[in-house]
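# Architecture and fold: a report
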Amino acid sequence: MRLDKFLANSGIGTRKEVKAILKSGKIKVNEKIVKDGKMQIDEIKDDIKMEGEKITYKPFVYVMMNKPSGIISATEDGKHKTVVDLLCEKYKNYKVFPVGRLDIDTEGLILLTNDGILAHNLLSPKKHVDKKYYVELKEPLTSEKKKILENGIKLEENFVTKEAKVEIIEKTELKSVFITISEGKFHQVKRMFKFIGNEVLYLKRVKMGKLLLPEKLKLGEYRELTEEEMKLILD
Ligand code: URA
């Protein structure tokens, strides 16, 4: 692999920034300063350092974010800020994209990565990855309506929702619930509650597969997944 590609893929900077870093003599390959980005290196065997610090090859990054309301889950948008706009340069350089979509007014867990295969596996309808949402409702949810939600609703001509799990939070006068669905149709949760004559006032994704949104991660904050969390999403 070319040295400049290796450096860019390791999150050091854009191609242009990498060129400048090389020119300034900060990069050593096997203890020798290298300024030519075209040099071929072995990303596993060669020892590559920037200002004395070893750079380990990392082609993919996995970042979780607590998406705030008002932010679009896309890479770019002419009008609104996107989840990618919230990231620092390091992650932008990896060209990450959000895995799936949350509505502009939905908060909570969103994963960003440049690993297309993982994204496909998490989103593929065949994989049935569960998504758990915390929902605040306009009206209390009766147990009758809960059953309707859980058993499946015909939202479109050829689409009946799969079995869902609904947990009513009693102390909120039945106006807050958790709902877990395994699909991801456009506005699905809001449409399911609308179908039973209710309205979603607030929506937040709290879990995707086995990956939980940590309570410590505040709105707009993000961080790379830990090794443990990586195991959970690759499972
Ligand atoms: N369902 C919705 O209605 N909106 C979301 O953002 C996610 C699930």
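Please refer to the structure higher up on the page.
Presented here is an overview of the structure given in this document. (Residues numbered from 1 in each chain as written. Predicted model: local features only at pLDDT ≥ 70, side-chain atom pairs only at ≥ 80, totals over all residues. Heavy atoms only, no water.)

### Notes on the overall build of the protein
Rules: Secondary structure elements are defined from DSSP: runs of H or I of at least 4 residues count as helices, runs of E of at least 2 residues count as strands, and each element is numbered from the N terminus. Using a 1.4 Å probe on the protein chains alone, a residue whose accessible area is under 20% of its type maximum counts as buried, one over 50% counts as exposed, and one in between counts as partly exposed. Here the Shrake-Rupley method, with its probe set to 1.4 Å, supplies the accessible areas, and only the displayed protein chains count as covering residues. For the purpose of counting charges, residues Lys and Arg are taken to be positive, whereas Asp and Glu are taken to be negative. His and the chain ends are not included. For this purpose, a charge sits on NZ of Lys, CZ of Arg, CG of Asp or CD of Glu.
A tally of regular secondary structure across the protein gives seven helices and 15 strands. Considering only C-alpha atoms, the protein reaches an extent of 70 × 35 × 30 Å along its principal axes. A buried classification covers 43% of the 235 residues belonging to the protein. By element, 52% of the accessible surface of the protein is carried by carbon and sulfur atoms, the whole surface being about 13,700 Å². One finds the centroid of the 47 positive side-chain charges in the protein at a distance of 3 Å from the centroid of its 38 negative side-chain charges.

### Considerations on the site of the ligand
To be explicit about the condition: Whether a residue is near a molecule or strand depends on its heavy atoms: if one lies within 4 Å, it is near. N or O atoms within 3.5 Å of each other form a polar contact, as long as, within protein, one can give a hydrogen and the other can take it, and as long as residues adjacent in sequence are counted only when both atoms are side-chain atoms. Each residue gets one of three labels, nonpolar for Ala, Val, Leu, Ile, Met, Phe, Trp, Tyr, Cys and Pro, charged for Asp, Glu, Lys and Arg, and polar for the others, Gly among them.
By nearness alone, every residue bordering the ligand is listed as Leu-102, Asp-103, Thr-106, Tyr-133, His-187, Gln-188, Val-189, Lys-190 and Leu-203. The separation between an oxygen atom of the ligand and a polar main-chain atom of Lys-190 is 3.1 Å. Counting residues per element, the shell around the ligand draws most heavily on helix H6 (residues 188–195), which supplies three residues. Its residues assigned to classes, the shell around the ligand comprises four nonpolar, three polar and two charged.

### Observations concerning the pairing of strand S12 (residues 176–181)
Selection rule: Two strands make a pair as long as DSSP finds a minimum of two bridges between them.
Counted residue by residue, S12 has five buried out of six residues, so it is predominantly covered. Bridge count for strand S8 (residues 131–137) against S12 is six bridges, and the pairing is antiparallel. Looking across to S12, one finds that Tyr-133 is bridged to Ile-179. Bridge count for strand S11 (residues 165–169) against S12 is five bridges, and the pairing is antiparallel. If you follow Lys-165 over to S12, its bridge partner there is Thr-180. Between S11 and S12, which pair antiparallel one after the other, the connecting turn spans six residues, and Glu-173 there sits at a positive phi close to 55°.

### Remarks on helix H7 (residues 227–234)
For clarity, the threshold we go by: The arc refers to the directions leading from the helix axis to the C-beta atoms. Throughout, a contact is declared for two residues whenever any of their heavy atoms are within 4.5 Å.
If you check which residues of H7 are buried, you get Glu-229, Met-230 and Ile-233. One side of H7 holds all its buried residues, which, seen down the axis, span an arc of 105°. The exposed set on the far side of H7, more than 90 degrees from its buried face, consists of Glu-227, Glu-228 and Lys-231. Summarising the contacts, the buried residues of H7 are in contact with strand S5 (62–67), strand S7 (107–113), helix H4 (116–123), strand S14 (211–212) and strand S15 (222–224).

### Considering the side chain of Asp-46
To be explicit about the condition: By definition, a salt bridge exists where a carboxyl oxygen of Asp or Glu is found within 4 Å of a side-chain nitrogen of Lys or Arg.
Checked against the element boundaries, Asp-46 lands in the loop between strand S2 (32–33) and strand S3 (48–50). Among buried charged residues, Asp-46 stands out as having no salt bridge; its nearest opposite-charge side chain is Lys-45, 8.3 Å away. Engagement of the side chain of Asp-46 in a polar contact is seen with the side chain of Asn-30, the distance being 3.0 Å. Within polar-contact distance, the side chain of Asp-46 engages the backbone nitrogen of Asp-42 at 2.7 Å.

### Some remarks on the nonpolar core
Using the following cut-off: Note on terminology: a nonpolar core comprises buried Ala, Val, Leu, Ile, Met, Phe, Trp, Tyr and Cys residues joined through side-chain atoms within 4.5 Å.
Counting 32 residues, the largest nonpolar core has Val-135, Ile-179, Val-189 and Phe-193 as its most contacted members. Of all the elements in the fold, those that place two or more residues in this core are S5, S7, S8, S12, H6 and strand S13 (200–208). With near-sequence residues (within four places) excluded, Val-135 lies in contact with Lys-175, Ser-176, Val-177, Ile-179, Val-189, Phe-193, Val-200, Tyr-202 and Leu-203. Counting residues in each nonpolar core, the second largest holds 16 residues, with Tyr-62, Met-64, Met-208 and Leu-225 among its members.

### Digging into the sheet that holds S3
Across the sheet, four strands lie side by side as S2-S1-S3-S4; this open sheet has antiparallel pairing. Because the sheet does not close on itself, it has two edges, and the strands there are S2 and strand S4 (53–54). Pairing of strand S1 (residues 27–29) with S3, which is carried by three bridges, proceeds in the antiparallel orientation. The partner of Lys-28 across the bridge, within S3, is Lys-49.

### Here's the deal with the packing of aromatic side chains
We count it as follows: Here a pair means two rings of Phe, Tyr or Trp (six-membered ring of Trp) with centres within 6.5 Å. Their orientation is stacked below 30 degrees between planes, edge-to-face above 60, and tilted elsewhere. Should the NZ of a Lys or the CZ of an Arg lie within 6 Å of a ring centre and within 35 degrees of the ring normal, that charge is described as sitting over the ring.
Overall, the coordinates contain four aromatic pairs when judged by the stated rule. When the ring of Tyr-134 is compared with that of Tyr-202, the centres are 6.1 Å apart and the planes differ by 65°; the resulting orientation is edge-to-face. Of this pair, Tyr-134 sits in strand S8 while Tyr-202 sits in strand S13, placing them 68 residues apart in sequence. Its relative accessible area of 18% is what places Tyr-134 among the buried residues. Assessed through its relative accessible area of 22%, Tyr-202 is described here as partly exposed. The structure contains a cluster of three or more aromatic residues connected by ring pairs, namely Tyr-134, Phe-178 and Tyr-202. The lysine or arginine in question, Lys-185, covers the ring of Phe-159, its NZ or CZ lying 4.8 Å from the ring centre.

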